[in-house]
Amino acid sequence: MGGDDVRLRAVVALAQGMAAAHTPRESWRAAAAGTCLALGGSFAALSVWERESGRLRVLVNVGERAPDEEEFPEGETYPVHQFPEITEFLHERWAGGGGPNAWVETADGQAEGRAEYCHQRVAALRRRGRGCCVVAPVVLHGRAWGELYAARPAGAPVFDRADADFATVLASVVAAGLAQTERLEEARRLAYTDALTGLANRRAVDAHLDAAVERHRAHGVVVSLVVCDLNGLKRVNDTRGHAVGDRLLERFGSVLSLCGAMLPGTLAARLGGDEFCLLAVGPAADEVVRVADELCRRAAELELGEGVACGVASTEDPLGPVRSARRLFRLADAAQYRAKAVRSTKPVVAGREGPDDPVVRLADEPQPAASERRRFRGRR
C-alpha cells in the first residue's frame, strides 16, 4: 500500500507542476521532471511527433544529460520511421482495441513485454551510458501526439512491467496537462489578437510599447510608432455595407502585416475601428519612414477605401525626451492627425520640421481630459 501511496503522490505532484506552468516550456519541463522523479529515473525527455515533417522532435531534456543533449534543444529531431512503435505499432494496437501502453528497452536489446525492440533506442542507451528506458506514448485529442521517455544509468535496476504500466498513467496525466496548456495559450492569443484581422490588438500594443520605452530609457534602443487611419471606411460601410467594410479592414490588415515584415521584430496591430499601427523596436527611424511610405503607397492601390493618413514618431528624431509610452503615442497620433488634415499621401513624421515642429507642439500642448482624442482615451 505504501508504494501505491508514493505513486499517487507522484501523479498529483506531476499534475500540480504542469498546472502551475505559465508557458509551454514550463509545462514541458514540469512533465519531464515529474516523470523522472516518479519513475526513479536519472533522465527524462518529452518529444512531439511532427507529422508534417515526419520527425520526432525533442522538446525538453531533464536530469543527467549527455554532452549532446540540451535542456531545450533547437534541432534534436529523429526520423519517425526509425521509431515504428510511434506510428505503425500504436495504430495497430488501437485498431485491435488496445491502448497506448508504455514499454521498456534495455541496453542489451531486450524489450519488456514485446518480441521486437528498437535498435535506435538501444544504440542511444549504449552511447549515452544508460542501462534502460521506458517509453510511454502521449495521446492528445485521440491521436498519437508524441512520447514521454525516462531512463536509468547502466548498472541501475531495470524498469519492469509495473514501471511501464505506471509510465502509461503518467503519460495520460501529461496529456491532460498539455491540453490545459493549449487552452491557456489559445486564451492568451485571443486576448492579444484582433478577431477580424488576426493582427495584434490594442492590449498587445500597450504591453509591447511599455516594455519598448523602458528599453529605450535604459539602453537607448530606438522605438518607432507608425499610426494609420484608414480613409473612406465609413463611406464604404454606408454605401456597400459592413461586410464589405470588414473586407477592406482585413485587406488593409494584410498590407500592414506585409509592410511590417520588412522591419524585423515589428508588431502590426489594429487599435480599433479604422485605426492601425506598427511598433518597431531597433530599426533606424529612416527605415521605419521608408516602410511607412511603402504602406501609404500600397494602401492607395487597394480596390476599396481611399488610402491612409499615416503619422510616424521615433525616439531617434528630435522629439525631446520620450519618458513614457503615452508621449510617443501622442506624437504619432498628432503626426497622423496632421497627415489627415492636409490630405497627405505620404507619412508625416514628428520632429522633422525644425525646432518649432507643429506636430511636436500639437502633441505636447496641454489639453483638458474631456478633449483628449478618442484614440488614446484610457492611457495613463
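Residues numbered from 1 in each chain as written. Predicted model: local features only at pLDDT ≥ 70, side-chain atom pairs only at ≥ 80, totals over all residues. Heavy atoms only, no water.

Student: Help me out: how do you make sense of the overall build of the protein in this one?
Tutor: Counting secondary structure elements, the protein contains 11 helices and 12 strands. For the protein, the residues scored as buried account for 51% of the 380 residues in total. The contacts of the protein with a sequence gap of at least 6 include a subset with a gap of at least 24, amounting to 65%. Surface accessibility of the protein: about 18,300 Å² in total, with carbon and sulfur atoms responsible for 53%. (Helix = DSSP H or I, 4+ residues; strand = E, 2+ residues; numbered from the N terminus. Buried < 20%, exposed > 50% of the residue type's maximum accessible area, 1.4 Å probe, protein only. Contact = heavy atoms within 4.5 Å. Areas by Shrake-Rupley, 256 points an atom, 1.4 Å probe, with all protein chains shown as cover.)

Student: Would you explain the sheet that holds strand β12 (residues 348-349) in this entry?
Tutor: Strands pair in a sheet through their backbones, by hydrogen bonds, and they do so in one of two ways: parallel or antiparallel. If you walk across this open sheet you meet the 5 strands as β9-β10-β8-β11-β12, and the pairing is mixed. The open sheet has two edge strands with one neighbour each: β9 (267-272) and β12. Judged from the 5 bridges that link them, β9 and strand β10 (residues 275-281) form a sheet pairing that is antiparallel. Bridged to Leu-267 within β10 is Leu-279. Packed on one face of the sheet, helix α6 (residues 202-219) meets β8 (223-230), β9 and β10 and runs near 125° to β9. Against the sheet, helix α10 (residues 325-341) touches β8, β9, β11 (308-314) and β12, its axis set at about 145° to β11. (Pairing = 2+ DSSP bridges. Axes fitted to C-alpha atoms, helices over the stretch in contact; angles between N-to-C directions.)

Student: Please explain helix α4 (residues 119-127) as it appears in this structure.
Tutor: Along an α-helix, residues three or four apart share an orientation, since each turn contains 3.6 residues. Looking at α4, one finds that the buried residues are Arg-121, Val-122, Ala-124 and Leu-125. Each buried residue of α4 sits inside an arc of 160° when the element is viewed along its axis, so together they form one side. What points out from α4, more than 90 degrees from its buried face, is the exposed set His-119, Arg-126 and Arg-127. (Arc of directions from axis to C-beta.)

Student: Is there a simple way to think about the side chain of Ser-42 in this case?
Tutor: By the secondary structure assignment, Ser-42 is in the loop between α2 (24-38) and β1 (43-50). Those residues in contact with Ser-42 that lie beyond four places of it in its chain are Cys-36, Val-62, Gly-63, Glu-64, Ala-151, Arg-152 and Pro-153.

Student: I tried to follow the packing of aromatic side chains on my own but got confused; where do I start?
Tutor: Here the distance between the centres and the angle between the planes together describe a pair of aromatic rings. Tallied over the entire structure, the rule returns 2 aromatic pairs. Their ring planes at 75° and their centres at 6.2 Å tell us that Phe-43 and Tyr-149 sit as a pair that is edge-to-face. Of this pair, Phe-43 sits in strand β1 while Tyr-149 sits in strand β7 (residues 143-153), and the two are 106 residues apart along the sequence. Like Tyr-149, Phe-43 is buried. Taken together, a centroid distance of 4.9 Å and an interplanar angle of 80° make the contact between Phe-252 and Phe-276 edge-to-face. (Phe/Tyr/Trp six-rings, centres within 6.5 Å; stacked < 30°, edge-to-face > 60°.)

Student: Just to check I follow, could you spell out the packing of helix α8 (residues 242-260) against helix α9 (residues 285-300) for this structure?
Tutor: Helix-helix packing is characterised by the crossing angle of the two axes and by the distance between the axes. Contact pair α8 / α9: the axes reach a minimum separation of 10 Å and the direction vectors enclose 155°. Judged on the interaxial angle alone, α9 and α8 are roughly antiparallel. Here the hand of the crossing between α8 and α9 comes out right-handed. From α8, Phe-252, Val-255, Leu-256, Leu-258 and Cys-259 reach across to α9, where they touch Val-291, Glu-294, Leu-295, Arg-298 and Ala-299. A per-class count over the contact of α8 with α9 returns 8 nonpolar, no polar and 2 charged. (Parallel < 35°, antiparallel > 145°, perpendicular 65-115°, else oblique. Left-handed = near helix turned anticlockwise from the far one by under 90°. Nonpolar A, V, L, I, M, F, W, Y, C, P; charged D, E, K, R; others polar.)

Student: Which parts of the structure should I look at to understand the pattern of salt bridges?
Tutor: Two side chains with opposite charge may pair up if their charged atoms get near one another. Counted according to the given criterion, the structure contains 25 salt bridges. Two residues, Arg-130 and Glu-69, come together in a salt bridge whose shortest N-O distance is 2.7 Å. Of the two residues, Arg-130 is situated in strand β6 (residues 130-140) and Glu-69 in the loop between β2 (55-63) and β3 (77-79); the sequence distance between them amounts to 61 residues. Using a relative accessible area of 6% as the deciding quantity, one classes Arg-130 as buried. Between Asp-317 and Arg-352 there is a salt bridge, with its nearest N and O atoms 3.1 Å apart. Of this pair, Asp-317 sits in the loop between β11 and α10 while Arg-352 sits in the loop between β12 and α11 (358-364); the two residues are 35 residues apart in sequence, bridging distant segments of the chain. A relative accessible area of 12% places Asp-317 in the buried class. Three or more residues joined by partner-sharing salt bridges are found here, namely Asp-68, Glu-69, Arg-128 and Arg-130. (Salt bridge = Lys/Arg side-chain N within 4 Å of Asp/Glu carboxyl O.)

Student: What am I meant to see in the pairing of β11 here?
Tutor: A regular strand places its side chains so that they alternate between the two faces of the sheet. For β11, the tally of buried residues reaches 7 of 7 residues, placing the bulk of the element in the interior. A two-sided burial pattern is seen for β11, the buried positions comprising Val-308, Cys-310, Val-312 and Ser-314 on one face and Ala-309, Gly-311 and Ala-313 on the other. For the handedness criterion, the β-α-β arrangement of β11, α10 and β12 is classed as left-handed. (Right-handed = clockwise from strand over helix to strand, strands pointing away.)

Student: How should the confidence of the model for the protein be read in this particular structure?
Tutor: Detailed reading of the predicted model is not advised wherever pLDDT is low. On average, residues of the protein score 86 in pLDDT, and 88% of them are at 70 or above. Contacts from residues 370-380, a stretch scored under 50 in pLDDT, to residues over four places away or in other chains number 28 contacts. (pLDDT = per-residue confidence, 0-100.)

Student: Please explain the environment of Arg-51 as it appears in this structure.
Tutor: Among the secondary structure elements, Arg-51 is positioned in the loop between β1 and β2. By relative accessible area, Arg-51 is classed as partly exposed at 32%. A C-alpha to C-alpha distance of 9.2 Å links Arg-51 and Trp-145, two positions 94 residues apart in sequence. Beyond its immediate stretch of four places on either side in the chain, Arg-51 contacts Arg-143 and Ala-144.

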